[in-house]
Amino acid sequence: REKNAIQKAELNKRAIGHKSLETEAAETVEACRKKFEEALQAAQEKEAEVKNLEMAAAQEGQEINEVGRKLEDAQRAFLSDRSRLDSLKDIAERYEGYGTSIRRIMEQKEKFPGIKGVVADLVQVEKNYEIAIETALGASIQNIVTKDEQTAKSLIEFLKKNKAGRATFLPLTSITPIKNNNSAVLREQGVIGLASSLVTTDKQYSTLVQFLLGRVIVVDVIDHALAIARKYSYTLRIVTLAGEQLNPGGSLSGGAYKNSGNLLARRREMEELEERAEQEKIQMEHFSCLREK
């Protein structure tokens, strides 16, 4: 009995030890399970983060490609407009489209500071009115504006001396404005206004504009122009937006208009190209900055 009691006590002791080990093992297993779950959750979160980063990278790649495409488009547009602008500037500097005598005179601008420029370079006109105004100006669009009569006289002597042809000069000190005294015609059907009112220029040339265009009526279409001319007994000078011209006395002129020779359009196109090229340059800088970021 004593021996059995000793064995029983020993077995109970061993059982208690095993129970303690079992408890420790269970706690270890639970701790490992929690760590596994935490690691699994962290892995899932990382996987989701990687997917989000991949999606963001793909989207960013698309945005970079789009920015690159826009940059290339802006560069092509800039180079095209810049090339056209340089070509027009070269044409303007050489006064292509003007008579030989005009070109010879304009080459002397540095020697004759009294030269203000040709009429076409001193006025600005909206695109819709360019043909009408150029028709109204006629040959005077190539007249040379000078500071005074003395400058004009010196230039005439230059042309004579060099046998460089003839030119018409408009000294600002001697020209006087010519105004339309018949205001009733401006209320007629189809009348847009006096040609002088459709032109903008520097204040110092306002008298010049009145002199050249102050009595020219601009009308929308030729039918209205003919009706007005008849009503006022063919005493008016009328031009239409398409370039037809009705002169005092009843003569008419018109036909196909070669827009390529429009000196006013050339100046306007240069201004538009300069503005557009500047905007395209800003766009290129913007897209280049975005691509670098």
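Going by the structure above, here's the rest.
Caption draft 1: Region of the structure containing the sheet that holds strand 7 (residues 216–219). Spatial strand order, 5-7-8-9-10: five strands in an open sheet with mixed pairing. Sheet topology places strand 5 (191–194) and strand 10 (252–253) at the edges, where each strand pairs with a single neighbour. Bridge count for strand 7 against strand 8 (residues 237–240) is four bridges, and the pairing is parallel. Within strand 8, the residue paired with V216 across the bridge is R237. Packing against the sheet, helix 4 (residues 130–137) makes contact with strand 7, strand 8 and strand 9 (245–246), and its axis sits at approximately 150 degrees to strand 8.

Caption draft 2: Fine view of the packing of helix 4 against helix 8 (residues 263–292). It is at 8 Å that the axes of helix 4 and helix 8 come closest, and there the two elements cross at 135 degrees. When the interaxial angle is binned, helix 4 and helix 8 end up oblique. Contacts between helix 4 and helix 8 involve E130, I133 and E134 on the former and, on the latter, L263, L264, A265 and R268. Residue composition of the contact of helix 4 with helix 8, grouped by class: four nonpolar, no polar and three charged.

Caption draft 3: Expanded view of the side chain of E130. Within the secondary structure, E130 sits in helix 4. At 2.6 Å, the side chain of E130 forms a polar contact with the side chain of R268. For E130, the residues in contact, after removing those within four places along its chain, are V125, N262, L264, A265 and R268.

Caption draft 4: Expanded view of the packing of helix 1 (residues 2–93) against helix 8. The geometry of helix 1 relative to helix 8 is characterised by a closest axis approach of 8 Å and an angle of 150 degrees between their N-to-C directions. With respect to helix 8, the element helix 1 is oriented roughly antiparallel. The way helix 1 lies across helix 8 gives a crossing that is left-handed. Tallied by class, the residues present in the contact of helix 1 with helix 8 amount to 15 nonpolar, three polar and 11 charged.

Caption draft 5: Geometry of the side chain of S101. For S101, the position within the fold is in helix 2 (residues 100–106). Once residues within four sequence positions are removed from consideration, S101 is found in contact with L159, A164, G165, R166 and A167.

Definitions and limits used
- Residues numbered from 1 in each chain as written.
- Predicted model: local features only at pLDDT ≥ 70, side-chain atom pairs only at ≥ 80, totals over all residues.
- Heavy atoms only, no water.
- Pairing = 2+ DSSP bridges.
- Helix = DSSP H or I, 4+ residues; strand = E, 2+ residues; numbered from the N terminus.
- Contact = heavy atoms within 4.5 Å.
- Axes fitted to C-alpha atoms, helices over the stretch in contact; angles between N-to-C directions.
- Parallel < 35°, antiparallel > 145°, perpendicular 65-115°, else oblique.
- Nonpolar A, V, L, I, M, F, W, Y, C, P; charged D, E, K, R; others polar.
- Polar contact = N/O pair within 3.5 Å; in protein donor to acceptor, adjacent residues only side chain to side chain.
- Left-handed = near helix turned anticlockwise from the far one by under 90°.

Read these as geometric descriptors, not functional statements.
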